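Fold and contact review
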Amino acid sequence: MKTFLKYREIWLLAAIVVLIGLISTRFPAFADPGNLRQVFNDTSILMILALGQMVVILTRSIDLSMASNLCFTGMVVAMLNAAHPAIPIPLLIVIALVVGLVLGAINGLLVWRLNIPSIVVTLGTLTIYRGATFVISGGAWVNADKMSPDFIGFQRAAFLGIPVLSWIAVLVIALFFVLMTRTALGRSIYAIGVNPTASVYAGIDVGRTKFIVFCISGMIGGLSGYLWISRYVIASVEVANGYELNIIAACVIGGISIAGGIGSVGGAVLGALFLGIISNALPVINISPFWQMAISGSAIILAVVLNARGERQQGRIILRKVEAA
Amino acid sequence: MTDVPAPRHIPDRLDKPFSSAVFSWEALLVVVAVAIFAINSFASPYFLDPYSLSDLTFNFTEKGLIAFAMALLIISGEIDLSVAAIIALASTMMGMAVQAGAGTPVLVLIGIVVGLGCGAFNGLLVTRLGLPSIVVTIGTMSLFRGIAFIILGDQAYKGYPESFAFFGQGYVWWVVSFELVLFLIAAVVYWFVLHRTSFGRRVFAIGNNPVAAQFSGVRVGRIKFILFCLTGLMSGIASVLITSRLGSTRPSIAQGYELEVITMVVLGGVSILGGAGSILGVVLAAFIMGLVTFGLGLLNVPGIVMSIFIGLLLIIVIALPIVWRRLRGGR
């Protein structure tokens, strides 16, 4: 299984290299290390979000509320910053993490305690969180001129020649890598996705683990809220509207099975990078950005066709029925 | 679906005795609908006007039409997130046809055929290649709307013929709009198909246990394919209605409708895990969502705040029976 997983990510990596190669035939400067660093930086937020979504999907759940969480938390920190510019940025990041955690915990509690399917819960909170953004902001925008220079500048500051935003992405990737491969929680998350019934017999608290997973995706949503707002320097109700499906798309392209249990940190990162490269490349090779949506749609379908070949569909369905008994 | 399904059973008979009907999901929805109706008529003096009530129906007829087909699809254990994108693509194709000088009948035909084609494409990917529908339709959702964006960019199609306006703006009799009549006819047809035909029974059987259904001689793949085609068809019809009502096409048309349609279906008591649900529930949920959005609209509540109520309604209505059962069960 492990070698098979590696196999899949190598293919995705190869696809990305080929993609970069194709783009540089039209626009040679694209493959410059400097430009690739820029692409990585542009894709950082999507990578972080995809990792948060990944842990949820691995447990056979889904979090559709991440983009709304991002929007709400972003508005909270932007308004805090506008009202009290003295609050230091690290404290704001902690606040963003906590707000995101609370929103994620609400999802998690509903899934854990009431056993409502996660797709229903997060479909509801998707609209609630975005609506709540309108309520706290009164529909007003927070513009760049209301944000403090630190608020905007923090993620742009260069450390060892690379922006802080990229470093945050690297840090999050490293944390998730440790979580998924070196901790009991990580093993539990995979186990629940592969076989929830067996996980119960193995002593894993399935409900509680799902709760934790939603707390993680919530914190990620909150962190991304600050990063998004300070990157695009505008906080409004429309921020990241519909972005939840981009996050899931990155996961799917990264080979994370929507049926749970299959997927890796590397896959999620590469899936996000794939989408990031496409959106960065279209303008420089003179293709209208309006093509992006159709291209990523085709990429999703292609990815799922290729990935599905390894999954034992029939066996899975029979297993599910055993659990139901 | 991605979650572990709860145990279910198929009743031998669909008709329920009176006592269980009182405590059914539909009864809960009726209570909610009556309560919202009453609150609305107290809250705004304009609410009980027949013309206001007629306007109200436009809030749910188009989404409701799709919700019927989506209900069948979700009962069979699949889902289609691409319905709003199908609306956008069908509308764009109709817009192109208008530029080429097509008349109203051709436009309607194009809308319906594009919808059907998109649905068949989803169905083929899911049933022929055995792919999970949630992922396939996230992909086709980007693809269909992406094609609309490629064709239109930031432009818009206008200049639809005058006779075309009837579908979205016309009235059949007094305040009864064409859209409402179509919605009611579709409700009866889908009710009959789901609850009174062997096809409907097979849909339930597939949702409860696709493997057992397969071994019982149900052609699972073919029925699922038909359901995807139906969902595409209804999206095509909805596209005709919306395009006719708005009189223009932008690639962002009907953005976010897919989640509203699914909310409607789930609020209507259809199990997101498949295998259970009724058309009556979906009709009631459509009315409730229309009532909430319209009532709050009369009170000048912005659309985004209404969505909070819809979201809360969805979670509360689903959580209530669970909490109720726990309390009675002494847990």
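This is a predicted model, so every value here is computed, not measured.

Some thoughts on the overall build of chain B
Tallying secondary structure elements over chain B gives 15 helices and two strands in all. By the compact-globule yardstick of 20 Å for 331 residues, chain B fits well, its C-alpha radius of gyration being 20 Å. Its C-alpha atoms put chain B at 65 × 55 × 30 Å along the principal axes. By residue count, 53% of the 331 residues in chain B fall in the buried class. The long-range fraction of contacts in chain B, counting pairs at least 24 apart against all pairs at least 6 apart in sequence, stands at 79%.

Concerning the overall build of chain A
Of the regular secondary structure elements, chain A holds 14 helices and two strands. Whereas a compact globule of 325 residues would reach a radius of gyration of roughly 20 Å, chain A reaches 20 Å, a difference of no more than 12%. Seen along its three principal axes, the alpha-carbon backbone of chain A occupies a region of about 60 × 50 × 35 Å. Counting all 325 residues of chain A, 52% fall into the buried class. Within chain A, counting contacts between residues at least 6 apart in sequence, those at least 24 apart form 78% of the total.

Describing the interface of chain B and chain A
Taken residue by residue, the interface counts 50 residues in chain B and 55 residues in chain A. At the level of elements, helix H6 (104-129), helix H7 (133-152), helix H11 (210-215), helix H13 (257-267) and helix H15 (303-329) of chain B are the ones that each hand at least two residues to the side of chain B that touches chain A. Taken together, the residues of the side of chain B that touches chain A break down into 36 nonpolar, 12 polar and two charged.

Brief notes about unusual backbone geometry
Residue and element names in this part refer to chain A. Although it is not a glycine, Asn115 sits at a positive phi angle of roughly 60 degrees. Along the polypeptide, Asn115 turns up in the loop between helix H4 (89-113) and helix H5 (118-137). Take Asn115: there are 13 C-beta atoms within 10 Å of it, and that puts it in the partly exposed class. Of note in the backbone geometry, Ala240 takes a positive phi value of approximately 55 degrees without being a glycine. By the secondary structure assignment, Ala240 is in the loop between helix H10 (206-232) and helix H11 (243-253). The exposure class of Ala240 is buried, given the 24 C-beta atoms found within 10 Å.

What to know about the environment of Ala158 of chain A
Here Ala158 of chain A lies in strand S1 (residues 158-159). For the pair Ala158 of chain A and Ile253 of chain A, spaced 95 residues apart in the sequence, the C-alpha separation amounts to 30 Å.

Let's talk about the UniProt feature "transmembrane region" (unreviewed entry) in chain B
All names here are of chain B. UniProt's feature table lists "transmembrane region" (unreviewed entry) at residues 21-44, 64-90, 102-125, 131-152, 172-193, 225-243, 264-292 and 304-324, given in the numbering used throughout. Taken end to end, residues 64-90 comprises 74% helix and 0% strand; its first and last C-alpha atoms sit 18 Å apart. In residues 225-243, helix accounts for 100% and strand for 0%; the two terminal C-alpha atoms are 27 Å from one another.

Considering helix H7 (residues 164-182) of chain A
All names here are of chain A. Here H7 contains 19 residues, and its C-alpha end-to-end distance of 26 Å stays within 8% of the 27 Å for a straight helix at 1.5 Å per residue. Along H7, the residues classified as buried are Leu165, Ser166, Ile168, Ala169, Val172, Phe176 and Met180. The buried residues of H7 occupy an angular sector of 155 degrees when the element is viewed end-on, so they sit on one face. Exposed side of H7, more than 90 degrees from the buried face: Leu171, Ala174, Leu175, Val178, Thr181 and Arg182 are the residues found there. In this fold, the buried residues of H7 make contact with helix H2 (33-58), strand S2 (162-163), helix H8 (184-194), H10 and helix H12 (265-284).

As for the packing of helix H4 (residues 61-75) of chain B against helix H12 (residues 220-246) of chain B
Residue and element names in this part refer to chain B. Relative to each other, H4 and H12 sit at 175 degrees, their axes nearing to 8 Å. The pairing of H4 with H12 is recorded here as roughly antiparallel in orientation. Residues Glu62, Leu65, Ile66, Phe68, Ala69, Met70, Leu72 and Leu73 of H4 touch H12, and the partners they reach there are Leu227, Phe228, Leu230, Thr231, Met234, Ser235, Ile237, Ala238, Leu241 and Ile242. Along the lines of polarity and charge, the residues of the contact of H4 with H12 split into 15 nonpolar, two polar and one charged.

Side note on the packing of H2 of chain A against H7 of chain A
All names here are of chain A. In contact at an axis separation of 9 Å, H2 and H7 are set at 30 degrees when each is read in the N-to-C sense. When the axis of H2 is compared with that of H7, the two are roughly parallel. Note that H2 runs across H7; the crossing there is left-handed. Of the residues in H7, those touching H2 at Phe40, Asn41, Ser44, Met47, Ile48 and Leu51 are Leu165, Ser166, Ile168, Ala169, Val172, Ile173 and Phe176. Here the contact of H2 with H7 is built from residues that sort into 10 nonpolar, three polar and no charged.

Structural notes on the confidence of the model for chain A
On average, residues of chain A score 85 in pLDDT, and 93% of them are at 70 or above. Throughout residues 312-325 of chain A the model reports pLDDT below 50, and contacts reaching past four residues in sequence, or to other chains, amount to 18 contacts.

Examining the environment of Leu70 of chain A
Residue and element names in this part refer to chain A. Mapped onto the elements of the fold, Leu70 is located in helix H3 (residues 66-83). Looking at Leu70, the number of C-beta atoms within 10 Å reads 33, which means it is buried. The spacing of Leu70 and Gly218 is 148 residues in sequence and 8.7 Å in space, taken between C-alpha atoms.

So, the environment of Arg156 of chain A
Relative to the helices and strands, Arg156 of chain A is located in the loop between helix H6 (149-153) and S1. Arg156 of chain A sits 140 residues away from Ile16 of chain A along the chain, and the two C-alpha atoms are 26 Å apart.

Cut-off values and rules
Residues numbered from 1 in each chain as written. Chains lettered and ligands numbered in written order. Predicted model: local features only at pLDDT ≥ 70, side-chain atom pairs only at ≥ 80, totals over all residues. Helix = DSSP H or I, 4+ residues; strand = E, 2+ residues; numbered from the N terminus. Rg over C-alpha atoms; globule rule 2.2 N^0.38 Å. Buried ≥ 20, exposed ≤ 12 C-beta atoms within 10 Å, placed from the backbone. Contact = placed C-beta atoms within 7 Å. Nonpolar A, V, L, I, M, F, W, Y, C, P; charged D, E, K, R; others polar. UniProt positions renumbered as here; feature names shortened; annotations may be inferred. Expected span 1.5 Å × (residues − 1). Arc of directions from axis to C-beta. Axes fitted to C-alpha atoms, helices over the stretch in contact; angles between N-to-C directions. Parallel < 35°, antiparallel > 145°, perpendicular 65-115°, else oblique. Left-handed = near helix turned anticlockwise from the far one by under 90°. pLDDT = per-residue confidence, 0-100.

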